[in-house]
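These are the residues of each chain, in order.
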Amino acid sequence: MKQNEEEWVEYKNVMEDVVKRSGLDKNIFYDLRGNHDNFGVPVIGGLLDFYSKYSINGQLGRSGHVNSVTLTLQAGKRKYLFVGLDSTMSVGLRGPTNLFGHPTDQLLAEVDLELSQWDSQPLKPASKISFGHFPLSFSASSQSGKTLKDIFLKHSLSAYVCGHLHSRFGKNLKRYHLSSHRFLSSQKFFQFNLNQNPSEGSKNCSFGAPPVQEFWEWEMGDWRKTRAMRILAIDRGHVSFADIDFKSGSKKTIILPTFPLDSRFMSTSSSHHEYECEHMLPSSYETVRALVFSVSPIVSVVAKIYDTRYENLDIVVDAPMTNLGDESSRGDLYAVPWNYKAFQDPSADRFWLQIEATDIMGRTTMTELRPFSVNGLHGKVSWTWKEFFVMGCQWEALYYPILWVSLYFLLLILLIPRAFLFFSRKQITYKNVLAAKGFISGVGLVLQELCNVPIAWFGFLGYLFYLILFPWFTGQVFTDGEDKGYMTYMGWAVKSSDNKSNHDYIGSPDVMVVVLPHLIFVVLPAILSSGALAAERVVHRGKFLSVSGKKKDDYSGLDQRSVRYDSRGNRRSKFHFGGHWIRLILLVLCLVICWKHFKNCRALMKAYEMNPLLHFPVYTLGIPLLLVYVIHKTKRN
């Protein structure tokens, strides 16, 4: 959660060794700052900003937040542009409330300027790649409300490559962005599918027509835990990639098909536009191509195409490929002519491509089967629920709606039953619940009985208003700093490095990782569990009276004996055992809530070097004390 200089020294030594072993020019390396590199850094360029001291970018003096140094290339008539951007928080809070990218209006203007340098030459095609640390689902908007997505759509990027999620949520963390008015309202909060169907519209096949506003977002795994590496290639404007898993060991041969493109991850609109405007089809369609990297000389490369029309893998092309590379290349480009028109089909996943390479040692390497569509139709691929959770949800836009819905819901389940008891003489009884046999009547009894434990009810209500009106805790937000900041649901309030001004409510919506889990997984279950304990006591009393046939007035005097012995004189009746079992479950649930709460508190104490009794006593002890009181109040005599 904070900077460790020993790790940075180790990183510097490792990267210097990589540069030395590879024989590559150090200037072509670009190590991008992420949120972990910014934890606890009060000011960029300060003593605690080890990134500026030990990273390759820092050593080469790349101090700007937008860089394309030595990455602008030109080959023939097509141009290539690679733009790296640093959207980390200007004031580096410690984790976990340092989760989002925070591009400023100045950063967005710089990215816009960098990507527009060839807009004055529309007849000369350009491929533009941008890369940053944060996925767009974890990137906040600027002060003026603009986003990186707006800039990338404006310039029709080929791809935006990012990291941050470390593959822990899945391997299919990719997202296709398309500019269309019918998507604007819904996509403010969600994008339900990895792909978006391009809208049907009038095609403009004239030269110099503006490109379709679209781009791909490709998150990639990390090397530290998953040993993942990505090779990305641009072949005559066609962008493709291969993710390599080194967790099982090194690879002797790596193959990246560069054309035809995988129909699941290609720029669908532009490819379909080229197909519809036949005169715009480039000569790149005339061959199947693949890059091959190998530690041993390659003796043969074969392209295989399968037809799945009859639900079988029927091979229709099995052709040797020719090496088009040269001895100076680190990888070789292989190609074979084909009749691409024979593979035009209304289905995006009828035809599948596989490349097979054999080296001089007799080792054979084959790529995974990839669907392709020369028509420009996109193949269907779906997110898992975890992948949708991190890529399909726009968390900055969702934070405040989820927050206020949660708070209003918590207030309503406290206030509505109280108002009902105040204005109405009717109460929900155990007999009403039995007669109705409904879930709503049961919940109503639970919330009503919580109102009958007034200290607990007022305690929960006061706790909610405390969370809304007061700081949650005070903690150490910078590495080895002396001044503390305080956090509310709106963000952190901290002093600047010169102690002359305050940064009010920074780290928003980053604080959602503390705020929302506390409300949803601690406060809400605590309220419901307390009401359930109170209702269980009432239900137990009602059952006891119905079994014993005694009036309420006689309950207190006969409780001890009647509970301990049944009509035959046996110890503990069957009914009592059942009631005890329900209460035991509720007590275990209360323990789970307290365990979850104290586990979160312990993580916060470690992250911000806090004392729970000094820096956040109400937050730490409020819920456990209320639960203990309710357990005591509802115990049986």
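It should be emphasised that the depicted structure is a prediction, and the values quoted were computed from it without experimental measurement.

Asks: Explain the sheet that holds strand 20 (residues 485-488) to me, using residue names and the numbers behind them.
Replies: Spatially, 19-20-21-22 is the arrangement adopted by the 4 strands of the open sheet, whose pairing is antiparallel. Each end of this open sheet is capped by a strand with a single partner; those strands are strand 19 (473-475) and strand 22 (502-506). Across the sheet, the axes of successive neighbouring strands diverge by a mean angle of 20°, strand direction being ignored. As judged from the 3 bridges shared by strand 20 and strand 21 (residues 491-495), these two strands associate in the antiparallel manner. Bridge assignment links T488 to a residue of strand 21, and that residue is G491.

Asks: Outline the packing of helix 13 (residues 454-469) against helix 18 (residues 617-633), supporting the account with residue identities and numerical values.
Replies: Angle between the axes and distance between the axes: these two values describe a pair of packed helices. In the contact formed by helix 13 and helix 18, the axes pass within 10 Å of each other and the chain directions differ by 165°. Classed by the angle they form, the pair helix 13 and helix 18 counts as roughly antiparallel. Our pair here, helix 13 against helix 18, has a crossing hand that is left-handed. For the pair helix 13 and helix 18, the contacting residues are I455, A456, G459, F460, Y463, Y466 and L467 in the first and V618, Y619, G622, I623, L626, Y629 and V630 in the second. Here the residues of the contact of helix 13 with helix 18 sort into 12 nonpolar, 2 polar and no charged.

Asks: So what about a nonpolar patch on the surface? Which residues, and what values?
Replies: Taken together, the side chains of L584, V588, L589, V592 and W595 make up a nonpolar region of the molecular surface, amounting to roughly 470 Å² of accessible area. Considering the arrangement of structural elements, one finds V588 in helix 16 (residues 574-608). Residue V588 is classed as partly exposed on the basis of its relative accessible area of 44%.

Asks: Quick rundown of empty space enclosed by the protein? Include the residues and the values.
Replies: Scanning the entire structure with this criterion turns up 1 cavity of 30 Å³ or more. Empty space within the largest cavity amounts to approximately 70 Å³. Contributing to the lining of the largest cavity are H238, F259, P260, L261, M266, S271, Y285, S373, V374, N375 and G376. Partitioned by chemical class, the residues of the lining of the largest cavity number 6 nonpolar, 5 polar and no charged.

Asks: Got a sec to walk through the confidence of the model for the protein? Specific residues and values, please.
Replies: In this model, the protein carries an average pLDDT of 85, and 84% of its residues clear a pLDDT of 70 or more. Predicted confidence for residues 554-578 stays below pLDDT 50, and this span has 26 contacts to residues more than four positions away or in other chains.

Asks: Can you lay out the packing of aromatic side chains for me, pointing to particular residues and giving the numbers?
Replies: Scanning the model with the defined rule gives 38 aromatic pairs in all. Taking the centre distance of 5.8 Å and the plane angle of 75° together, the rings of F473 and Y619 count as edge-to-face. Pair noted here: F473 is in strand 19 and Y619 is in helix 18, with a separation of 146 residues, a long-range link. No difference in accessibility class separates F473 from Y619, as the two residues are buried.

Asks: Tell me what's going on with the pattern of salt bridges, and back it up with residues and numbers.
Replies: Two side chains of opposite charge can pair, provided their charged atoms sit close to one another. Under the counting rule described, the total for this entry stands at 16 salt bridges. Residues D112 and K154 are paired through a salt bridge, measuring 3.0 Å at the closest nitrogen-oxygen approach. Taken together, the residues D112 in helix 4 (residues 105-115) and K154 in helix 5 (residues 148-154) connect sequence positions 42 residues apart. In this structure K154 comes out as partly exposed when scored by relative accessible area, which is 47%. The partner of D307 in a salt bridge is R350, and the shortest N-O contact between them spans 2.9 Å. A residue pair is termed long-range when its members are at least 10 positions apart, and D307 in strand 12 (residues 298-307) and R350 in the loop between strand 15 (332-337) and strand 16 (351-359) qualify at 43 residues.

Asks: Before we move on, can you summarise unusual backbone geometry with the specific residues and values?
Replies: Cis peptide bonds are those with omega within 30 degrees of zero, and the linkage from G95 to P96 qualifies with 10°. One can find P96 in the loop between strand 3 (78-85) and helix 4. Along the chain, S508 connects to P509 via a cis peptide bond; the corresponding omega equals 15°. By the element assignment, P509 lies in the loop between strand 22 and helix 14 (512-548). Phi at E609 takes a positive value of approximately 50°, unusual for a residue other than glycine. Among the structural elements, E609 can be located in the loop between helix 16 and helix 17 (612-615).

Asks: Could you give me a rundown of the environment of N172, with the residues and numbers involved?
Replies: Along the chain, N172 turns up in the loop between strand 5 (159-162) and strand 6 (174-178). Residue N172 is classed as buried on the basis of its relative accessible area of 14%. Here the alpha-carbon distance between N172 and E387, two residues 215 residues apart in the chain, equals 6.9 Å. Residue contacts for N172: discarding those within four places in its chain leaves L194, F265, V381, S382, W383 and E387.

Here is what the cut-offs are and how they apply
- Residues numbered from 1 in each chain as written.
- Predicted model: local features only at pLDDT ≥ 70, side-chain atom pairs only at ≥ 80, totals over all residues.
- Heavy atoms only, no water.
- Pairing = 2+ DSSP bridges.
- Helix = DSSP H or I, 4+ residues; strand = E, 2+ residues; numbered from the N terminus.
- Axes fitted to C-alpha atoms, helices over the stretch in contact; angles between N-to-C directions.
- Parallel < 35°, antiparallel > 145°, perpendicular 65-115°, else oblique.
- Left-handed = near helix turned anticlockwise from the far one by under 90°.
- Contact = heavy atoms within 4.5 Å.
- Nonpolar A, V, L, I, M, F, W, Y, C, P; charged D, E, K, R; others polar.
- Patch = residues over 30% accessible without salt bridge, like charges linked within 9 Å, V, L, I, M, F, W, Y side chains within 5 Å.
- Areas by Shrake-Rupley, 256 points an atom, 1.4 Å probe, with all protein chains shown as cover.
- Salt bridge = Lys/Arg side-chain N within 4 Å of Asp/Glu carboxyl O.
- Buried < 20%, exposed > 50% of the residue type's maximum accessible area, 1.4 Å probe, protein only.
- 1 Å grid on protein atoms, 1.4 Å probe; cavity = no way out; pocket = protein on both sides within 12 Å on 5 of 7 lines; lining within 4 Å.
- Points joined across faces, edges and corners; volume = space filled by probe spheres on them.
- pLDDT = per-residue confidence, 0-100.
- Phe/Tyr/Trp six-rings, centres within 6.5 Å; stacked < 30°, edge-to-face > 60°.

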